[in-house]
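Secondary and tertiary structure notes
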Amino acid sequence: MISTWNNYFPYEKPRKQQETAISTILEEFKNGKKYAIVECGTGVGKSAIGLTVARKINNSSEYPGIYTDGSYFLTTQKLLQDQYENDFSKFGLVSLYSSSNYTCSIDKKASCKDIQTGLRSKSLSKKYEKCKYNCIYKKKKQEFIEKSLGITNFSYFLTEKNYSKKVPNKKVLIIDEAHNLENELSRFIEIGISSYFAKRILKITIPKDLNTQFKTYNWIKNIYIQAVTRKVDFMSNQLEKFGLTSTKLEEFKKITNNYEMLSSHKKKIEQFITLYDKDNWIFDIETTDKNYKKYVFKPIDVSAYSKQYLLDHADYIIFMSATIVSHKGFKQTIGLPESETISIKEESPFDPKNNPIVFSPAGSMSSKNIDKTLPIMKEMVKSILENHKNEKGIIHTHNTRIAKYLAENIKDRRIILAYGANREESLKKHIQSKSNTVLISPSMAEGVDLKGDLSNFQVVCKIPFPYLGDKVTRKKMNKWKWWYDTQTVRTIVQSLGRSIRSENDKAVTYILDGDWSRVKSKSRDNFPKSFFKNYHEY
């Protein structure tokens, strides 16, 4: 069947795994399937699989549908979106970001988002009239819509499709890093209401007895949304009267940002009121640093909403990831009909000899044992650093406390602590440094590409179990017995993938948390087969 799609493949020759995946997807779509779950290990080249399927369907009459010919690609990471653009723009792929990422051609100090907000509120001088039809962002968006191949980020797509509704549905939708899909849908739907915001901005007081899910929902529905609407209308009138000059630009940008934030908040609240079902939402009251309260509603099962917010936006949808882990579970959490879905799983082509995995327990890193284990782990990490003194590496802590403890107590000039606001700057420093620097981070399981000699060793200090103090986690564990273990396996595999990015990369992995024994015993079959081909215990 390769002859029917070979001309659409972006490289000289497909790998065997790519050939199998592409042929299977196209054949099954032709036979009536609508969804494809494609799990490919690092190095298979899943982006080329997606592009080939998209181009073939875009140029064929064999795949019926109700939507416009063309394909959208979605990703959760800017790094991956940039990579798609670099690799595939020569095939006509158009990359689109939100309007805040584009600088206005009339005023270089403002973004297209600032100016478009001002135009909608009729608050700008005549010199900006040109931006109504000659805006850099609007031109890019139009190109994204008109061309047959486009890529954007997940949150932008959800907002455009479900709020603005100016991006048309197309025949094919390809979602990369699809293991994040459940979290992305949840973030789009969940809401948070701050007592500080209510008091300082909306000028309303939250009742002192607002302490139950039932009371809070009714207050939001009957009182809060009206106050938000009044504030949005007031700010719209304020913008209309503003009249932009260069001396007022910074003040104008502040107002437009606040207006956009408030307008978006209003849409989310309205959406929440429509969707709310007491049995599928978790309610929590959080206390902030300044003793204000935040009232939070999060959905438990997003499959109840995925159809209207995502699945109905294309005739054919491909979900791609290196870490789906449980295909059955993925179908359940996203709401994919068994009869319309195919599953494909292809192992990484990389030789396991380049990535030995060593389990050498320092002790349990559970909350009960961490204080006893940390000093032992510190000494083990020091030994690992000494053994790899001529190499770069990364230490995954999956916990800020552990990261800080190791950085403060090892006191090695090679160490770069990377978390929070300094995460990206620290990563950049590591990549650019000519020294054999070592990253210590609680948050680099994904979105980090340490190819080549940027990491020749990696350490897993703590098994990344989902936080049991989170109500949503506990509810999902009760609803789906497999969910907790799947999340743990996924994060481990993602973490270990940071250092092996090509067939020539080499990196040794050290697992130091004694609780790994429990994970291995219970979830061994959920790991890629190659995981244990060069595995050792000491």
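Above this note sits the structure.
Read on for a plain summary of the structure. (Residues numbered from 1 in each chain as written. Predicted model: local features only at pLDDT ≥ 70, side-chain atom pairs only at ≥ 80, totals over all residues. Heavy atoms only, no water.)

Bringing the overall build of the protein into the picture now. When you go through the protein residue by residue, the secondary structure sums to 18 helices and 17 strands. What you see for the protein is a C-alpha radius of gyration of 25 Å, in line with the 24 Å of a compact globule of 538 residues. Dimensions of the protein, computed from C-alpha atoms along their principal axes, come out at roughly 70 × 65 × 50 Å. Per-residue burial over the protein gives 54% buried out of 538 residues. When contacts within the protein are restricted to residue pairs at least 6 apart in sequence, long-range pairs at least 24 apart make up 75% of them. (Helix = DSSP H or I, 4+ residues; strand = E, 2+ residues; numbered from the N terminus. Rg over C-alpha atoms; globule rule 2.2 N^0.38 Å. Buried < 20%, exposed > 50% of the residue type's maximum accessible area, 1.4 Å probe, protein only. Contact = heavy atoms within 4.5 Å.)

Further remarks concern the nonpolar core. If you look at the biggest cluster of nonpolar residues, it comprises 76 residues, and the most contacted ones within it are Ile175, Ile220, Tyr224 and Phe319. Examining the composition of this core, we find that 10 residues originate from one element, helix 9 (residues 213–242), more than from any other. In contact with Tyr224, not counting residues within four places along its chain, are Ile193, Phe197, Leu202, Ile204, Trp219, His265 and Ile269. Judged by nonpolar contacts, the second largest core, of 32 residues, contains Ala54, Tyr84, Phe88 and Ile342. (Core = buried A, V, L, I, M, F, W, Y, C linked by side-chain atoms within 4.5 Å.)

Read across the sheet, 3 strands follow the order 6-8-7 without closing on themselves; strand pairing throughout is antiparallel. The open sheet has two free edges, formed respectively by strand 6 (191–194) and strand 7 (281–287), since each of these has just one partner strand. Neighbour to neighbour, the strand axes of the sheet diverge by 15 degrees on average, direction disregarded. As defined by bridge partners, strand 6 adjoins strand 8 (residues 293–299) across 4 bridges and the pair is classed as antiparallel. If you follow Ile191 over to strand 8, its bridge partner there is Phe297. (Pairing = 2+ DSSP bridges. Axes fitted to C-alpha atoms, helices over the stretch in contact; angles between N-to-C directions.)

Another point: unusual backbone geometry. Of note in this structure, Val325 is not a glycine but carries a positive phi near 70 degrees. Tracing the backbone through its elements, the reader meets Val325 in the loop between strand 9 (314–321) and helix 12 (327–334). Note on Val325: relative accessible area 8%, which makes it buried. Positive phi, normally seen in glycine, also occurs at His398, with a value near 55 degrees.

This part takes up helix 6 (residues 154–164). Counted residue by residue, helix 6 has 8 buried out of 11 residues, so it is predominantly covered. For helix 6, the full list of buried residues reads Phe154, Tyr156, Phe157, Leu158, Glu160, Lys161, Asn162 and Tyr163.

What follows concerns the packing of aromatic side chains. Each aromatic ring pair is described using two quantities: the centre-to-centre distance and the angle formed by the ring planes. Tallied over the full model, the rule gives 36 aromatic pairs. When the ring of Tyr276 is compared with that of Trp281, the centres are 6.4 Å apart and the planes differ by 45 degrees; the resulting orientation is tilted. According to the relative accessible area criterion, Tyr276 is buried, its value standing at 17%. With a relative accessible area of 2%, Trp281 lands in the buried category. Just above the ring of Phe532 sits the side chain of Arg524; from NZ or CZ to the centre is 4.0 Å. (Phe/Tyr/Trp six-rings, centres within 6.5 Å; stacked < 30°, edge-to-face > 60°. Lys NZ or Arg CZ within 6 Å of the ring centre and 35° of its normal.)

Attention now moves to the sheet that holds strand 5 (residues 170–175). Sheet architecture is open: 7 strands sit in the order 3-4-2-5-9-1-10, paired in parallel fashion. This sheet does not close on itself; its edge strands, each paired only once, are strand 3 (93–95) and strand 10 (341–346). On average, each strand axis in the sheet is inclined to that of its neighbour by 20 degrees, with strand direction left out of account. Where strand 2 (residues 68–75) lies against strand 4 (residues 149–153), 5 bridges are found, and the strand directions are parallel. In the sheet register, Phe73 faces strand 4, and the bridge partner there is Ile151.

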